[in-house]
Amino acid sequence: MAGMLDRSAINPFDSQEARPYKDNPEITAMTNLVSAFHDNDIQKFESILRKNEGKIMDDEFIQSHVTDLLRTIRTQVLQSVIAPYTRMTLQFLAESLNSISVDDVQSILVTLILEGKVDGRIDQVKQILIKNCDANQKEEKNRDTLEDFAR
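Before going into details, it helps to say that this report is about the structure given with it. Within each chain, residue numbers correspond to sequence positions counted from 1 in written order. Only residues with pLDDT of at least 70 get local features here, since the model is predicted, and only at 80 or more are side-chain atom pairs given and counted; chain-wide, interface and lining totals rely on the full set of residues. Side-chain calculation: all heavy atoms of the structure are included, whereas hydrogens and water are not.

### Brief notes about the overall build of the protein chain
Secondary structure elements are defined from DSSP: runs of H or I of at least 4 residues count as helices, runs of E of at least 2 residues count as strands, and each element is numbered from the N terminus. Secondary structure summary: the protein chain contains eight helices and three strands in total. Written out in order from the N terminus, the α and β elements of the protein chain read α-α-α-α-α-β-α-α-β-β-α. Remark: exposure states derive from per-residue accessible area (1.4 Å probe, protein chains only) relative to the maximum for the residue type, with buried under 20%, exposed over 50%, and partly exposed in between. Per-residue burial over the protein chain gives 36% buried out of 151 residues. Note on contacts: a residue pair qualifies if any of its non-hydrogen atoms lie within 4.5 Å across the two residues. Within the protein chain, contacts between residues at least 6 apart in sequence are counted, and of these 54% link residues at least 24 apart. Using a 1.4 Å probe, the Shrake-Rupley method yields the accessible areas, and only the shown protein chains count as cover for residues. With an accessible surface of roughly 9,500 Å², the protein chain has 48% of that area assigned to carbon and sulfur atoms.

Here it is, written out as structure tokens:
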């Protein structure tokens, strides 16, 4: 749980100490949840939460952090969805995030913009996100650099 909240790429269930418990239904549910989180698979993540509500949500620690986890994975998925675009409707983004409300999308976008993770603005009248071209050019440059590095 702490690893997901911290956005760590380390899966605690891959450790040797956790392997004897891998068949435990509670551990299996958490392992699947961690896997969906690391894969940025919001549909699978929310599905696992719904299907295993009793197994996962019985833990008070997890209960107190589920909202933060949902916001974290939604933020990660939102960043990957908006990356290739310069303009998109908030409704499209809401549907991309497993049909959450437009208000929730707007809240996440405002946070990303204020933190400098997204260079753009929200047109509230038209309900669209408009990314600045400079940010798009930076992303293309970064992508080109990564492609050059990968070769």
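### Focus on the pairing of strand β2 (residues 120-123)
Judged from the four bridges that link them, β2 and strand β3 (residues 128-131) form a sheet pairing that is antiparallel. When the bridges of β3 are listed, aspartate 123 appears paired with isoleucine 128. Strand pairing is assigned whenever DSSP detects at least two bridges linking the two strands. Between β2 and β3, which follow one another and run antiparallel, lie four residues, and glutamine 127 among them has a positive phi close to 60 degrees.

### Quick word on the pattern of salt bridges
Counted as salt bridges are all cases of a side-chain nitrogen of Lys or Arg within 4 Å of a carboxyl oxygen of Asp or Glu. Summed over all chains, the structure comprises two salt bridges. Across the pair glutamate 115 and lysine 117 runs a salt bridge, and its minimum N-O distance is 3.4 Å. Its relative accessible area of 45% is what places lysine 117 among the partly exposed residues.

### Comments concerning the packing of aromatic side chains
In summary, the pairing rule links any two rings of Phe, Tyr or Trp, Trp by its six-membered ring, whose centres are within 6.5 Å, and it sorts them by plane angle into stacked for under 30 degrees, edge-to-face for over 60 and tilted for everything else. Overall, the coordinates contain two aromatic pairs when judged by the stated rule. Considering the side-chain rings of phenylalanine 37 and phenylalanine 45, the 6.1 Å spacing of their centres and the 50 degrees angle between planes classify their relative orientation as tilted. Taking the relative accessible area as the measure of exposure, phenylalanine 37 reaches 2% and is therefore buried. Between the aromatic rings of tyrosine 85 and phenylalanine 92, the centroid separation amounts to 5.9 Å while the plane-to-plane angle is 80 degrees, which identifies the pairing as edge-to-face. For tyrosine 85, a relative accessible area of 38% puts it in the partly exposed group.

### Focus: unusual backbone geometry
Look at asparagine 98: it is not a glycine, yet its phi comes out positive at around 65 degrees. In the Ramachandran plot, serine 99 falls in the positive-phi region, its phi being about 60 degrees despite a non-glycine side chain. Turning to its location among the elements, serine 99 is positioned in the loop between α6 (90-96) and α7 (102-114). Look at serine 99 and you get exposed, because its relative accessible area is 59%.

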